Each structure stands twice: as structure tokens, then as C-alpha cells.
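Each chain, letter by letter, is given below.
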Amino acid sequence: MPVRFSTAIDQVKADRGRVCITRGPLVYCAEGIDNAEILDNVFIPSLSVKVQTGLHTDSTLKGIPWINLPAKEKQMNGDKDHTLTLLPYFAWNNRGDGSMMVWFPRAGKNYTNNRYPLITKAYTELPIGTIKPAGWMEEQMKRMASGMTGHMDTIYEKVMGARNGWLGGDGDVWERGPYWIDGLLPLAYILNDKALIEKTQPWIEWALASQKTNGYFGPDTDRPYEQGLQRDNAQDWWPKMVMLKIMQQYYSATGDQRVISFLTNYFKYQLEQLPQNPLGKWTFWGERRGGDNLMVVYWLYNITGDKFLLELGELIHRQTFNWTDVFLNRDHLSRQHSLHCVNLAQGFKEPVIYYQQSHDRQHIQAVKKAVKDMRKTIAFPIGLWAGDELLRFADPIQGSELCTAVEMMFSLEKMLEITGDVQWADHLERIAYNALPTQISDDFSGRQYYQQINQVEVSCKHRNFVTPHDDTDNLFGTLTGYPCCTSNLHQGWPKLVQHLWFASADNGLAALVYAPSAVTAQVAGGTSVTIAEETAYPFDEQIRFRFTYADKKVKSAFFPFHFRIPSWCSQPVVRLNGTPLEIDTHAGGIAQISREWKNNDVLTLELPMDVAVSYWYDGAAVVERGPIVYALKMNEKWEKKTVEAEKKNQYGEWYYEVTSDSPWNYAFKSANLKPEVIGNNFVVEKAASVATYPWTLQDAPVTIKTKARRMPRWQLYSGSVGTIPYFTQQGEILGEEETIELIPYGCTTLRLTEFPVRN
């Protein structure tokens, strides 16, 4: 009886282009147990192949026929020959749990997903350089390149210059140097900026060359204290975790095979050493941030398939602070000072990272419960929480550290990739389009260590922060507050660009986070397509996706296109080349269109943004529209000042104070906030066009006008708004009703965001 191949009918979209194998009356399937559990990445490129047949001789399947045929395994570093072993469909699942496949793709997946036994991720990150920023996002990246990010080696030479231990020097050996490169490297390759790429290469080469025969890499010598440098704990696991992320990104951008052997040797070293020298031996940071280490272990496993990496994954998870237990069973999120704010941001992804190996849904439930619990205690409306540096209840005068923003963004990006859950994309945009732009100066020359939600003055005054640094935390400068944020802020925007688009498991593409950009990637059986995302989002409601093919011989390609419907959008409109489409769209879901996409097709997505009011600390009212939070527009006077001579080594040469002559002590009338009248009481005005760089007071693309009354008794207290009840049932003397203007939070430096509500 000959072996035959049957092609799936086109109507079954999930199996389109796939084949099944039959012999006589029997349909055959492949089990993971016979195929090294690689079925997710296997494909049959040719149907003109020699096959082998025979009968099983083992006791379980004795006498059952088998078929062997040539196939390929898709790997990150090239396709690998594989002999596919099949057995009759009726006989599978007799030798324990595992994967099984009946319909086999003719072409491999364009981008490698997880290997068994890791769960199949909902989406897959694309190689660095695949996604390019456009519009205002491109301008944002260029400002980074011309500002701090592109020049830290001169701006912060003492730490980032030639003396850095990660360049072989006798200076700083801990996190700050790797922090910088963790943002500079993706920026450099996304922009294809050769000068910036050259700045990153010495860090890569020194790390590779530093590896010892036992697998250890990095600085290894502790030196005496020197002000402004971290010269001890050279062997700490934590800074190496940052360098692991750098190496992963470097491989993504270049395919340099040295990275694979380098990481393999280091992870063998970790497997040997961690039982005696656990993650928390030198400092507690590695123990709290072990999810970053675990993430790269799984990434390498997907390339090499080395089983010891799964053993190491379990070990790292056991030694990492138990974030799942904290989120499910403990009171940390309802107790002040219980956690460091940045550890929470980095630890947030660990349950989801480990879920790939555990398959235990409690790890997903844990992070969802954490968000719900935080909403009642420490959460801010911009997607972050009160933490200056330890957790605080969410009074809008408490601080939020810049490192928290960029680290939580990265956690959400990886959680989105693994789960495909729109909640994490919505949350990500909430941080990126509110918290991030306001905490860094427009020219990217300075940053704020802590931002305040209600921030009506930026000054060197004693605020109610649990970890103040000579009252410099609120100032804009290079080193004011603490230098970790100066080093770490650079990853925010480049990694967001890197996670605007994903490959889907069905050989399509997915737009899950919105910003002006373009992606050029492989779809279907390897066809290269470019999709330009033409939009002024998050300010504008319309997004246009334009499909083109660089190869003039290609006129069209059939593939699925996935796109997100945010949870705040109840009535999206989808058009193809101007014609409305009737497709399944619902708020908080991912829509999918599988079709033959022709050259110059345009898919238009309209996401109506209604004004809404939410309630936060003590019942304070917050105005929202789409992903953006709106805040009171205030005049701003920026004044550059010189740091005292004796403090320049610690806080830098200069800083900015920002003050205003605008009134700020406004309250909303509760009757104006009822859902049925919000549309009448909050009037949206859009600028004729969106500026090249829109995150400024002058160029705010959207203004919301509304009525409010001043509260005379609400006054400043030490540079912050004074303490009041944001909600009260008692009447209060208020001023006359005035028209005020609200603009996007990210366009402000001074602002009132959480408003008192009065009857």
C-alpha cells in the first residue's frame, strides 16, 4: 500500500496549505514522544520523498505499523533535517501525555515559538530591525539618539566611560553600565545607526572575551569604595541578568553564533553553582529579579533544545522570590513599605514567564489578582503605583520612580507575547503614553527620579517620600535623585517599538500595541510583506494599515492579520479599501482577518475614544480618553540651577526647577461627572495636525474643556498639594465656576490629575 498525502480544503482556514498522511484506509499522526517533542516546529517541504514503513516491536504498540519520512525542523539559526515518525491515528496516546499532530505544514513557521514542553506562546517577538518607528515615534527615537541615550559615555563618563568594569576597567562593576546598553543596543539597531552600534560593540566583545573555562563571565574583582561608583559585589548574579538580556537582543539583531555557546556555557555554570551560591547570596536584587534570568534560559532552550536548561529553569524559579504566592496569598500589595517599587515591576512577569514551563494557570491568575488588589491600595491612574522607593498607598503626591515605568513596560511586553491577553497591551499603553514621556525632558537631556500624579511644582523641597535623596528626587537633572534611572531609562521607548508587532503562531502578523511604525516580516510560506501603520495614535482614533510587497513578482499573499480592540473601545469600525467589514470585534479582544492580502490593500481601524471619568485615591476623579489620562494645563516656568559644589559628584552639575503662576486648586462638581452628561460637560478639541514631537505643553494634540471651581482652602504644602479629602459628603465654600483646559498627561510637567469631587 503506497503512502499518500492529502491536502486540507481551503475552507478550513487553520489547516489551509497543510497535508495529512494516509496509507490504505488508515490516517497517520505524529506523537511528540517519537519526535523529540518538536512538532510545533516541524514541516514537510517536499511530497516527493522516500518513506520507510514497518511494524512496532515494543510491548505497548507491538504489531502496529509505523511510517518514517523526511521532514525539517524550523530553528532560529536555520532549518534542521528531521525524520518524522508516524503511527496510525487510532493508536496514539498510549504512552503517556505529549503533543500530537495530524495536519502538517508544508513550510515551517517563519518565527520559532516555544519548544515542547514549554507552552506555545500566543505570539512571538520579531527580530530587532524588523520593526521601524515612523511619525512622532521616529522623532522620539531620534531625540534619544541625540540626547542622553546616545551620549552616556560622555555625559556620565565616570560610570559609563573606559573605567567601567564591563569594559575591563577598575570602576563601576554593577548594574549601571549594562542598564545603558540594554536600551542603547535596541535603539542603535532599530535606527540602524552605525555610530551607536559601534558604541555598543566593545561591551559585547568584552563580555564574550571575559568568559572563563567554567562558564563565568563579567567583572570578578571587588575593589574599595569610591564615591559615585559601585565597585563591590562584582560576582553578584543580578548585573549579569541585565547582560543576558543584552546578549539576547544582540543575537536577535545580528545572529552572531558566539552568543549561543556563550550563554550555554554560562547556564551550565549557573546550574553547577546556584545550589551553593543562590541568587540572593551577594544581594537580594537577583533573588527578586530572577524572572529576567529565567526568560533568557527559555529563549536559549528554544534554540538549542538542551534539556539541562529546563532543569536550570526550575532551579532559578525555586530560588526567585515567590511572586505567585505574594500575589495570591500575602498582603504585600495592601501594606506600605513591603516591597521595592522596581522589584515589583520586574517581578511582575516572573509568574507568567514560569507558566511556560509549569502550565499551571495559577501563575496567570496571580498577576491578574495583583492588578485588582493594587487598584484598591497603591495603584495610580497612569498604570503604575506609588513607590518612592518603597510601596506607598496611592496618595497622588507620592512618588513613582522612573525605573518602575520602563521595567513594568518590559514585563507587560513579555506577558503580552506569552498570553496574548489584551489586558496587558492596554496596561502597557497606559504607562507608555502617560508616565514615560512626562518623566524625561523633551530634549532627552534630563529626567525626574520620582514623578507625582498631582505635581504643581518641581522644586528642591522636602516632600513626603519614604526614600528622599537630599530632596533632589523631584528635580529634572542627569543624576538628581539616584543614578539608576539615568542608566536604565533608555530601554523604555526602543523596547516598546520592538513589541508593537508580533509574529502569530499561524504564520501571520499581529499589531497589538499601536503607534506610527512599519514592519517588514515573513508571512505565509516565507513571503516578505511590509505593513505600514499610518496613524497619530494615541491622540487620533484612526489607524491605517497599508500592505505592500517589495518583490515585484509578488502581487498578494494569504495570511492572517491580528489586531487588538482595546478594552475601552466598544464600537470599533473596520474598513478594507474603504468598504466596511462585518467581522467579530469586541472590546478587550483580538480581531483576526485571514485573506489574500493584495499589494496596496489598506485596512482602516477606527477606535472611537469617548471621555470617561474613573475614581482613584479617596474618591478622586480622573478624566480619561482612550489610553490617555488628561490633566490640568498649567503655565510652566523652567529655571536651570547649579548643584552645590560639594554635591556635584553625587547629583550632577545642574538641575531644573519648574514653577507656575496658574491656579491649580480646582474641584469637579459631582453632577457634571454622571456618565449620561459627561459628553456634554467635557468638550474635546483636536489640533488641526499632530506635531512631529507632540509631548509638549505647547503642542498638545488634544484639549478637553470643562467646568470646575476653585477650593480656596486647598493650598501648597512644602512644594506639593496639601492634604484634603478628595471626596466628602459635607458642603464646602467654592469659587465661581470656571472653564479649565485638560491636556494629555504626557504633555505636562506641572499638573493636577486627580481632582476633588464636591456636591
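Placed above this text is the structure.
All values derive from a computational prediction rather than experimental measurement. (Residues numbered from 1 in each chain as written. Predicted model: local features only at pLDDT ≥ 70, side-chain atom pairs only at ≥ 80, totals over all residues. Heavy atoms only, no water.)

A.B. asks: Got a minute to help me understand the pairing of strand β7 (residues 80–88) in this structure?
C.D. replies: Regular strands place side chains that alternate from one sheet face to the opposite one. Where strand β3 (residues 26–31) and β7 come together, 2 bridges link them in antiparallel fashion. Bridge pairing in β7 places C29 opposite L87. As paired strands, strand β6 (residues 65–73) and β7 are joined by 7 bridges and run antiparallel to one another. Bridging from a neighbouring strand, N68 pairs with T85 of β7. (Pairing = 2+ DSSP bridges. Helix = DSSP H or I, 4+ residues; strand = E, 2+ residues; numbered from the N terminus.)

A.B. asks: It is not clear to me how the side chain of E624 should be interpreted in this structure. Could you clarify?
C.D. replies: With respect to the secondary-structure elements, E624 resides in strand β27 (residues 621–625). At a separation of 2.8 Å, a polar atom in the side chain of E624 contacts the side chain of R430. In this view, E624 contacts R430, D610, V611, A612, S614, W616, V629 and Y630; residues no more than four positions away in its chain are not counted. (Polar contact = N/O pair within 3.5 Å; in protein donor to acceptor, adjacent residues only side chain to side chain. Contact = heavy atoms within 4.5 Å.)

A.B. asks: I tried to follow the packing of helix α13 (residues 350–358) against helix α15 (residues 402–419) on my own but got confused; where do I start?
C.D. replies: For any two helices packed against each other, the geometry is given by the interaxial angle and the distance between the axes. Their axes nearest at 9 Å, the elements α13 and α15 cross at an angle of 30°. One way to sum up the angle between α13 and α15 is to call them roughly parallel. In the packing of α13 onto α15, the handedness of the crossing is left-handed. Contacts between α13 and α15 involve V352, I353, Y355 and Q356 on the former and, on the latter, K414, M415, I418 and T419. The residue makeup of the contact of α13 with α15, split by class, is 5 nonpolar, 2 polar and 1 charged. (Axes fitted to C-alpha atoms, helices over the stretch in contact; angles between N-to-C directions. Parallel < 35°, antiparallel > 145°, perpendicular 65-115°, else oblique. Left-handed = near helix turned anticlockwise from the far one by under 90°. Nonpolar A, V, L, I, M, F, W, Y, C, P; charged D, E, K, R; others polar.)

A.B. asks: For this particular structure, what's the right way to read α15?
C.D. replies: Given 3.6 residues per helical turn, the α-helix brings residues three or four places apart onto the same face. For α15, with 18 residues, the first-to-last C-alpha span of 26 Å sits near the 26 Å given by 1.5 Å per residue. G420 occupies a position one or two residues after α15 and carries a positive phi of about 70°. (Expected span 1.5 Å × (residues − 1).)

A.B. asks: So what exactly am I meant to see when it comes to the sheet that holds strand β23 (residues 579–580) here?
C.D. replies: The strands making up a sheet associate through backbone hydrogen bonding, with each pair oriented either parallel or antiparallel. Reading across from one edge, β11-β18-β19-β20-β25-β22-β23 is the order of the 7 strands in this open sheet, with antiparallel pairing throughout. In the strand order of this sheet, the two ends are held by β11 (131–133) and β23, each with one partner. Where strand β22 (residues 573–576) meets β23, 2 bridges bridge the pair, whose relative direction is antiparallel. Of the residues in β23, the one forming a bridge with L576 is T579.

A.B. asks: Can you help me understand the sheet that holds strand β29 (residues 637–642) in this one?
C.D. replies: If you trace the 4 strands from one edge of the open sheet to the other, you get β13-β15-β30-β29, paired in antiparallel fashion. Two strands close off the open sheet at either side, each with one partner strand: β13 (447–448) and β29. Sheet topology places strand β15 (residues 476–477) next to strand β30 (residues 654–659); 2 bridges connect them, and they run antiparallel. Considered in β30, the bridge of G477 is made with Y655.

A.B. asks: Which parts of the structure should I look at to understand empty space enclosed by the protein?
C.D. replies: Empty space among the atoms can be located by rolling a probe the size of a water molecule over them. By the definition in use, this model includes 3 cavities of 30 Å³ or more. Of the pockets and cavities examined, the largest cavity occupies roughly 60 Å³. Every residue along the wall of the largest cavity is listed here: K109, N110, Y111, N113, T124, A503, S504, A505, N507, G508 and Q522. Residues of the lining of the largest cavity, tallied by class, amount to 3 nonpolar, 7 polar and 1 charged. The space that makes up the second largest cavity amounts to roughly 50 Å³. Considering the residues around the second largest cavity, the lining is formed by E31, G32, I33, E37, R95, G96, D97, G98 and S99. Split into classes, the residues belonging to the lining of the second largest cavity amount to 1 nonpolar, 4 polar and 4 charged. (1 Å grid on protein atoms, 1.4 Å probe; cavity = no way out; pocket = protein on both sides within 12 Å on 5 of 7 lines; lining within 4 Å. Points joined across faces, edges and corners; volume = space filled by probe spheres on them.)

A.B. asks: What am I meant to see in unusual backbone geometry here?
C.D. replies: The step from Y116 to P117 runs through a cis peptide bond, and the omega angle for that step is 10°. Here P117 lies in the loop between β9 (104–105) and β10 (123–125). The residue N233 is not glycine, and still its phi comes out positive at about 55°. In this structure, N233 sits in the loop between α5 (194–209) and α6 (237–254). Positive phi outside glycine occurs at H359, with the angle close to 60°. In this structure, H359 sits in the loop between α13 and α14 (362–375).

A.B. asks: What's the story with α5 in this structure? I'm lost.
C.D. replies: Here α5 is 16 residues long and its end C-alpha atoms lie 22 Å apart, about the 22 Å a rise of 1.5 Å per residue gives. At T200, α5 shows its largest kink, close to 25°, and the proline P202 lies no more than four residues downstream. Looking at the buried residues of α5, the elements they touch are α1 (135–146), α2 (148–155), α3 (157–160), α4 (176–191), α6 and α7 (258–273). Two or three places before A195, at the start of α5, stands the capping residue D193, its side-chain oxygen 3.1 Å from that residue's backbone nitrogen. (Bend = angle between axes of the 7 residues up to and from the residue.)

A.B. asks: Is there a simple way to think about the pattern of salt bridges in this case?
C.D. replies: Side chains that carry opposite charge are capable of pairing whenever their charged atoms lie near each other. The final tally for this structure, using the stated rule, is 43 salt bridges. Of the charged contacts, one joins E657 and K641 as a salt bridge, the two residues approaching to 2.9 Å between their closest N and O atoms. Taken together, the residues E657 in strand β30 and K641 in strand β29 connect sequence positions 16 residues apart. (Salt bridge = Lys/Arg side-chain N within 4 Å of Asp/Glu carboxyl O.)

A.B. asks: I tried to follow the packing of aromatic side chains on my own but got confused; where do I start?
C.D. replies: The relation between two aromatic rings is expressed through the spacing of the ring centres and the mutual angle of the planes. A full pass over the atoms with the stated rule returns 47 aromatic pairs. With centroids separated by 6.1 Å and ring planes inclined at 70°, the aromatic side chains of W237 and W282 adopt a geometry described as edge-to-face. With a gap of 45 residues between them, W237 in helix α6 and W282 in the loop between α7 and α8 (285–288) connect regions that are remote in the sequence. Judged by relative accessible area, which is 2%, W237 ranks as buried. (Phe/Tyr/Trp six-rings, centres within 6.5 Å; stacked < 30°, edge-to-face > 60°. Buried < 20%, exposed > 50% of the residue type's maximum accessible area, 1.4 Å probe, protein only.)

A.B. asks: I'm lost on the nonpolar core in this one. Help?
C.D. replies: One recurring pattern in soluble globular proteins is that nonpolar side chains are buried together. Grouped together as the largest cluster of nonpolar side chains are 221 residues, with contacts concentrated most on F267, L344, W493 and F545. At 11 residues, the largest contribution of residues to this core is made by α15. With residues near it in sequence (within four places) discarded, L344 still touches W323, F327, L333, L339, M374, I378, W385 and L391. (Core = buried A, V, L, I, M, F, W, Y, C linked by side-chain atoms within 4.5 Å.)

A.B. asks: Got a minute to help me understand the environment of Y666 in this structure?
C.D. replies: Summarising the element assignment, Y666 is placed in strand β31 (residues 666–669). Expressed as a C-alpha distance, the spacing of Y666 and G477, which sit 189 residues apart in the sequence, is 30 Å. A polar contact is formed between the side chain of Y666 and the side chain of E738, at a distance of 2.9 Å.

A.B. asks: Is there a simple way to explain the packing of α1 against α4 in this structure?
C.D. replies: Relative orientation of the contacting elements α1 and α4 amounts to 120°, with a least axis distance of 11 Å. Classified by the interaxial angle, the pair formed by α1 and α4 is oblique. Here α1 and α4 pass one another in a crossing that is left-handed. Only L187, I190 and L191 of α4 make contact with α1, whose side of the interface consists of M141, M144 and A145. Considering only residue class, the contact of α1 with α4 consists of 6 nonpolar, no polar and no charged.

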